[in-house]
Amino acid sequence: MDDPNKLLDTLIVDERRSTPLHMQVRRGLRSVIDEHFADGDQFYTESVLVERLRVSRGTVRQALNELTREGVIVRRVRTGTTVCKQPDGSDSIRRKSELPQTVGVFVAQYDSEYLSAMLEKLAGVCSTRGMRLKVYHTHCGQKLADSYREVVLPPEQERFILVTPDSTSQLNEALRDRGHRTVAMELPDKGYSGAVVETDSTMAVHMGIDYLWSLGHRRITLLVNEPIKAPSVAEKVEAFRRIALARGVDETFKTVICGTEFWQSSYEAAMAHMADVWGGDNAQRPTAVFAVSDPGAWAALQWFARRGISVPGEVSVLGFEGARTSQFTHPSLSTVAHDIDALTTAAVEMLWSDTESSKRLSPSLIIRESTGPAPMAE
């Protein structure tokens, strides 16, 4: 192998570029691994990378965490970081099942606990099948072409899961033209024709509203803190509207759309619109807030806490996601949860299906401390 430290001198990491630093570092290190390292080779320490690349330890750590999720490196306390090019047993598994080596995942937004959990689960599913996971980031919805150019393996070696609600059709068409098999793991944009596995968003809204209704809530606000451009979010809004009309409460079921873009913080978007959620006189204020993702519910809890508004005494808060952090909020957050284990397993299995099937999985309701009876039940 060439002098490993000199290899780092060839990497260009520039904070003036639009791509986040940790993504530049990850891509550079991935290229170095692919071209110069063998399976089992000792990899750079964090200290060496910080010194040679002249970036922060946090940037290096984030890049290494992503490479670990992809299964490219293994990090152990005693032995350090080593390169992993062939998962244990992968050759024998591929000979038996003729599976390709790599499952690629295109993700449109990475700063999300749900996506992090999903990638961890996908890495585990792939590992048990003797495959490697590779993540392609489409930062800010603007770097789709750059991420697409990173695809170098032939169709027989790599198949793709798409979590890009703003560009699924475009990406799917490009990958299919090259012969790659794809599965969307999010309700795709219009024009998409392919396999899909997703959480049933309509069922999730019905589940949440039925629960709040059973507690006596008749003034409910849907806090749309995720991008309305995402088809799954639009489906939730439409389901909420239909429920309100069917139950004759369209005047007391309110919707607050934050106008969030895919690259923006959904927590900050929700926080900025909480005055709209709570505005008006007491008779018009909601007795429950139902956020379309857990970060929106976290923002609502924080906003209410700062103003001395009791949750759930004066208002209940319900999320949608099932993020791990939600059990540690104060009060702990009730939420409608994705079944991430089932979603990831189904997506990987669907990659080797011969049909362009669609599978909608049921969410589950997790009841914690943030929801309770309506203060003035009708």
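Residues numbered from 1 in each chain as written. Predicted model: local features only at pLDDT ≥ 70, side-chain atom pairs only at ≥ 80, totals over all residues. Heavy atoms only, no water.

Moving on to the pairing of strand E10 (residues 288-291). The side-chain alternation of E10 yields two buried faces, one formed by Ala 288 and Phe 290 and the other by Val 289 and Ala 291. Pairing geometry for strand E8 (residues 220-224) and E10, over four bridges, is parallel. Bridge pairing in E10 places Leu 223 opposite Ala 291. The parallel pair E10 and strand E11 (residues 316-321) is bridged by helix H13 (residues 294-306), and the resulting crossover is right-handed. (Buried < 20%, exposed > 50% of the residue type's maximum accessible area, 1.4 Å probe, protein only. Helix = DSSP H or I, 4+ residues; strand = E, 2+ residues; numbered from the N terminus. Pairing = 2+ DSSP bridges. Right-handed = clockwise from strand over helix to strand, strands pointing away.)

So, on to helix H9 (residues 201-214). Taking 1.5 Å of rise per residue, the 14 residues of H9 would be expected to cover 20 Å, and the 20 Å separating its terminal C-alpha atoms lies within 8% of that figure. Taking the backbone nitrogen of Thr 202 as reference, a side-chain oxygen 3.2 Å away marks Asp 200 as the first, capping residue of H9. Gly 216 occupies a position one or two residues after H9 and carries a positive phi of about 95°. (Expected span 1.5 Å × (residues − 1). Polar contact = N/O pair within 3.5 Å; in protein donor to acceptor, adjacent residues only side chain to side chain.)

Let us look at the side chain of Arg 218. Position of Arg 218 among the secondary structure elements: in the loop between H9 and E8. Within the structure, the side chain of Arg 218 is placed 3.0 Å from the backbone oxygen of Trp 213, a separation counted as a polar contact.

Turning next to the sheet that holds strand E7 (residues 195-199). Across the sheet, six strands lie side by side as E4-E3-E5-E6-E7-E13; this open sheet has parallel pairing. What marks the edges here is a single partner per strand, and that holds for strand E4 (132-137) and strand E13 (358-361). Averaged over neighbouring strand pairs, the angle between their axes works out to 20° when direction is ignored. By the bridge criterion, six bridges tie strand E3 (residues 102-107) to strand E5 (residues 158-163) in an arrangement that is parallel. Bridged to Gly 104 within E5 is Phe 160. (Axes fitted to C-alpha atoms, helices over the stretch in contact; angles between N-to-C directions.)

There is about 320 Å³ of room inside the second largest pocket. What lines the second largest pocket is a set of 17 residues, among which Arg 27, Gly 28, Arg 30, Ser 31 and Glu 150 lie closest to the centre. When contributions to the lining of the second largest pocket are tallied by element, the ones reaching two or more residues are helix H2 (21-36) and helix H7 (144-149). No other element matches the eight residues that H2 contributes to the lining of the second largest pocket. Of the residues that constitute the lining of the second largest pocket, the class distribution is five nonpolar, three polar and nine charged. (1 Å grid on protein atoms, 1.4 Å probe; cavity = no way out; pocket = protein on both sides within 12 Å on 5 of 7 lines; lining within 4 Å. Points joined across faces, edges and corners; volume = space filled by probe spheres on them. Nonpolar A, V, L, I, M, F, W, Y, C, P; charged D, E, K, R; others polar.)

Turning our eyes to something else, we now look at the sheet that holds strand E14 (residues 364-366). Ordered in space as E9-E8-E10-E11-E12-E14, the six strands form an open sheet in which the pairing is mixed. Strands with a single pairing partner mark the edges of an open sheet, and in this sheet they are strand E9 (253-257) and E14. The average undirected angle you get between the axes of adjacent strands in this sheet is 20°. Where E8 and E9 come together, five bridges link them in parallel fashion. Directly across from Leu 223, in E9, lies its bridge partner Val 256. H13 rests against E8, E10, E11 and strand E12 (334-337) of the sheet, and its axis sits at about 155° to E11. (Contact = heavy atoms within 4.5 Å.)

Of the residues making up helix H3 (residues 46-53), those classed as buried are Glu 46, Leu 49 and Leu 53. The buried residues of H3 occupy one face: seen down the axis, they fall within an arc of 65°. Where H3 is buried, its residues contact helix H1 (4-8), H2, helix H4 (57-69) and strand E1 (73-76). Where H3 ends, the next residue or the one after it, Arg 54, has phi of about 60°, a positive value. (Arc of directions from axis to C-beta.)

Bridging between E1 and strand E2 (residues 80-83) involves four bridges; their strand directions are antiparallel. Paired with Arg 76 across the strands is Gly 80, a residue of E2. Linking E1 back to E2 in an antiparallel pair, the connection comprises three residues.

Scope: geometric values only; no functional claims are made or implied.
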